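# Inside the fold
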Amino acid sequence: MAEPKAGNAKKSAPEAANTKAESAKGTAPAVKAERAPLLQHGDGRARCFWCGTDPFYMAYHDDEWGVPERDSRALFEKLLLDGFQAGLSWITILRKRENFRCAFDGFEPEKMARYDAAKVEALMADAGIVRNRAKVEGAVASARAYLDLQDKGIAFSDLMWDAVDGETRVNRPRRIADVPAQTAQSIALSKRLKGLGFKFVGPTIVYAAMQACGLVDDHLEGCHCARP
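Residues numbered from 1 in each chain as written. Predicted model: local features only at pLDDT ≥ 70, side-chain atom pairs only at ≥ 80, totals over all residues. Heavy atoms only, no water.

### Concerning the overall build of the chain
For the chain, the count of helices and strands is eleven helices and four strands. In the chain, which comprises 228 residues, the proportion classed as buried is 51%. Summed over all atoms, the accessible surface of the chain reaches about 10,100 Å², with 51% contributed by carbon and sulfur. (Helix = DSSP H or I, 4+ residues; strand = E, 2+ residues; numbered from the N terminus. Buried < 20%, exposed > 50% of the residue type's maximum accessible area, 1.4 Å probe, protein only. Areas by Shrake-Rupley, 256 points an atom, 1.4 Å probe, with all protein chains shown as cover.)

Structure (structure tokens):
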């Protein structure tokens, strides 16, 4: 699950989320953030503009986004959720995350890989998740690809972290435009994932997942989460 856009590139998860959510309120700090990439909050902390002023979103920014995740199942969950986010606001996915976890059996690939047509139809009737058939079926296909990878003796965590040579790539962008929507690494990882049978893993989605899972740390310079 994640970030600001670069130039005319497609918006990444947090930016799209903040723009839609705040525009609906008529405040749109994400738009104003073109002039002020950091927001100063009431707790005295400066944060990347995209989390807006929603406490739920601020907590995600502080506690999850950019924090290294090395558990294979957790990485798989975040990649799938970023796939479900495509075209929607990220805050919508965050608010539905517990519903997703319940509906998809905790994102356990072994269980998801056994989903049949009846289970897919049940998911399509579940108002607690994003009811997009292509994305639901894509999640099942990705679970099967995950198990195929496992059968080959490759851990999903290793596959993901190999994209950055096993270490978090720390960036300290000063401007929103300095944060890319995709990189050479996300393009290469996207291609590899697609070749293995994973779905909804385009370069932008993959880069959002890389940011969310701490493969890259794109907290803006001056953000209180921009650790050394």
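Still more to cover.
### Side note on empty space enclosed by the protein
Any empty space left between the atoms is revealed when a probe the size of a water molecule rolls over them. What the largest cavity holds in volume is close to 60 Å³. Taken together, Leu79, Leu80, Gly83, Phe84, Lys135, Gly138, Ala139, Lys199, Phe200 and Val201 form the lining of the largest cavity. Put simply, the parts of the chain that give the lining of the largest cavity at least two residues each are α4 (72-85) and α8 (133-151). With four residues, the single largest contributor to the lining of the largest cavity is α4. Its residues assigned to classes, the lining of the largest cavity shows six nonpolar, two polar and two charged. (1 Å grid on protein atoms, 1.4 Å probe; cavity = no way out; pocket = protein on both sides within 12 Å on 5 of 7 lines; lining within 4 Å. Points joined across faces, edges and corners; volume = space filled by probe spheres on them. Nonpolar A, V, L, I, M, F, W, Y, C, P; charged D, E, K, R; others polar.)

### Describing the packing of α4 against α8
One can describe the packing of α4 onto α8 by two numbers: an axis separation of 10 Å at closest approach and a directional angle of 155°. Viewed along their axes, α4 and α8 adopt a mutual orientation that is roughly antiparallel. In this structure, α4 crosses over α8, and the sense of that crossing is right-handed. Two secondary-structure elements touch here, α4 through Ser72, Arg73, Phe76, Leu80, Gly83, Phe84 and Gln85 and α8 through Lys135, Val136, Ala139, Ser142, Ala143 and Tyr146. Grouping the constituent residues of the contact of α4 with α8 by class yields seven nonpolar, four polar and two charged. (Axes fitted to C-alpha atoms, helices over the stretch in contact; angles between N-to-C directions. Parallel < 35°, antiparallel > 145°, perpendicular 65-115°, else oblique. Left-handed = near helix turned anticlockwise from the far one by under 90°. Contact = heavy atoms within 4.5 Å.)

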